[in-house]
Amino acid sequence: MNETELRVLLAELAASLFARGYAVGSAGNISAKLSDGYLMTPTNSSLGRLDPVRISKLDLNFEHVGGDKPSKEVFMHRAVYQARPDAGAVVHLHSTMATAVSCLDDVDQTAPIPALTPYFVMRVGENLPVVPYYRPGNPAMEPAIHAAALGAKALLLANHGPVVSGKNLIDAVYAAEELEESARLFLLLRGQRVRALTAEQRAELLGHFG
Ligand code: 13P
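These notes cover the structure that comes with them.

Rules of the game
Residues numbered from 1 in each chain as written. Predicted model: local features only at pLDDT ≥ 70, side-chain atom pairs only at ≥ 80, totals over all residues. Heavy atoms only, no water. Near = heavy atom within 4 Å. Polar contact = N/O pair within 3.5 Å; in protein donor to acceptor, adjacent residues only side chain to side chain. Nonpolar A, V, L, I, M, F, W, Y, C, P; charged D, E, K, R; others polar. Buried < 20%, exposed > 50% of the residue type's maximum accessible area, 1.4 Å probe, protein only. Helix = DSSP H or I, 4+ residues; strand = E, 2+ residues; numbered from the N terminus. Arc of directions from axis to C-beta. Contact = heavy atoms within 4.5 Å. Phe/Tyr/Trp six-rings, centres within 6.5 Å; stacked < 30°, edge-to-face > 60°.

Considering the site of the ligand
Move 1: In the region of the ligand, the neighbouring residues are Ser-26, Ala-27, Gly-28, Asn-29, Thr-43, Asn-44, Ser-71, Lys-72, Glu-73, His-92, His-94 and His-160.
Move 2: In this structure, an oxygen atom belonging to the ligand sits 2.7 Å away from a side-chain N or O atom of Ser-71.
Move 3: Within the side chain of His-92, a nitrogen or oxygen atom sits 3.2 Å from an oxygen atom of the ligand.
Move 4: Here the residues of the shell around the ligand are counted per class, giving 1 nonpolar, 9 polar and 2 charged.

Quick word on helix α5 (residues 142-150)
Think of an α-helix as turning once every 3.6 residues; residues three or four places apart then point the same way.
Move 1: Taken together, the buried positions of α5 are Glu-142, Ile-145, Ala-148 and Ala-149. Relative to the axis of α5, the buried residues are bounded by an arc of 130 degrees and lie together on one face. Projecting away from the buried face of α5 at angles above 90 degrees are the exposed residues Pro-143 and Leu-150.
Move 2: The inward-facing, buried residues of α5 contact α2 (74-83), β6 (130-131) and β7 (154-157).

A short note on the packing of aromatic side chains
Move 1: What the rule picks out here adds up to 3 aromatic pairs.
Move 2: A centroid spacing of 4.3 Å and a plane angle of 20 degrees characterise the contact between Tyr-38 and Phe-62, whose relative ring orientation is stacked. Taken as a pair, Tyr-38 in strand β2 (residues 37-40) and Phe-62 in the loop between β3 (56-58) and β4 (64-66) lie far apart in primary sequence, 24 residues in all. Phe-62 shares its class with Tyr-38; the two are buried.
Move 3: Plain terms: the ring middles of Phe-62 and Tyr-81 are 6.1 Å apart, the flat faces sit at 35 degrees to each other, and that makes the pair tilted. Taken together, the residues span a long stretch of sequence, with Phe-62 in the loop between β3 and β4 and Tyr-81 in helix α2 at a distance of 19 residues. The residues Phe-62 and Tyr-81 share a single accessibility class, namely buried.
Move 4: By the ring-pair criterion, three or more aromatic residues cluster together here, those being Tyr-38, Phe-62 and Tyr-81.

Set out below in structure tokens:
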């Protein structure tokens, strides 16, 4: 896919996320890797109304080289790309259910959502670390995100929201959607006896789809 096609796809997927309530206002940011750098949503832009030609461009050193001023969370995306060389895209949302889970104090901060369904394991993976709270745009969170992303495709920023990577843009968006729906299921079932997937069932999924 060339840069123009990727710009159009990014705007389309962002608008779809916005239309379904995964992002509101100007919350959230999305990036995608190019051969010569990265596309990044502009700061304070609505995911519902991105103009493909104004999407920011960063060079391979994450310096702004084109389009509107990039998201204040460039370092968050950089941390994930540097930890995960196979990542082709990163999606950060404030989607309600995953953000709700990021606020829970009484869950395992290395695995706050149990593996209830196959698609959670297949798309999000087994690890979902919670990174301690930092103010949005605070570059001090970069080392913590980098460390968490070394062992996980997706993570939750405490009291803030999910950060999800994928091998390409569609994969990252699908994983972000699956994470949000898994968080919804988890919250729906809280307090009830649930049957999570066993280690054997999870291993079978990762063997087939990992
Ligand atoms: P930007 O508008 O700078 O991308 O910030 C939005 C956001 O989601 C902060 O976490």
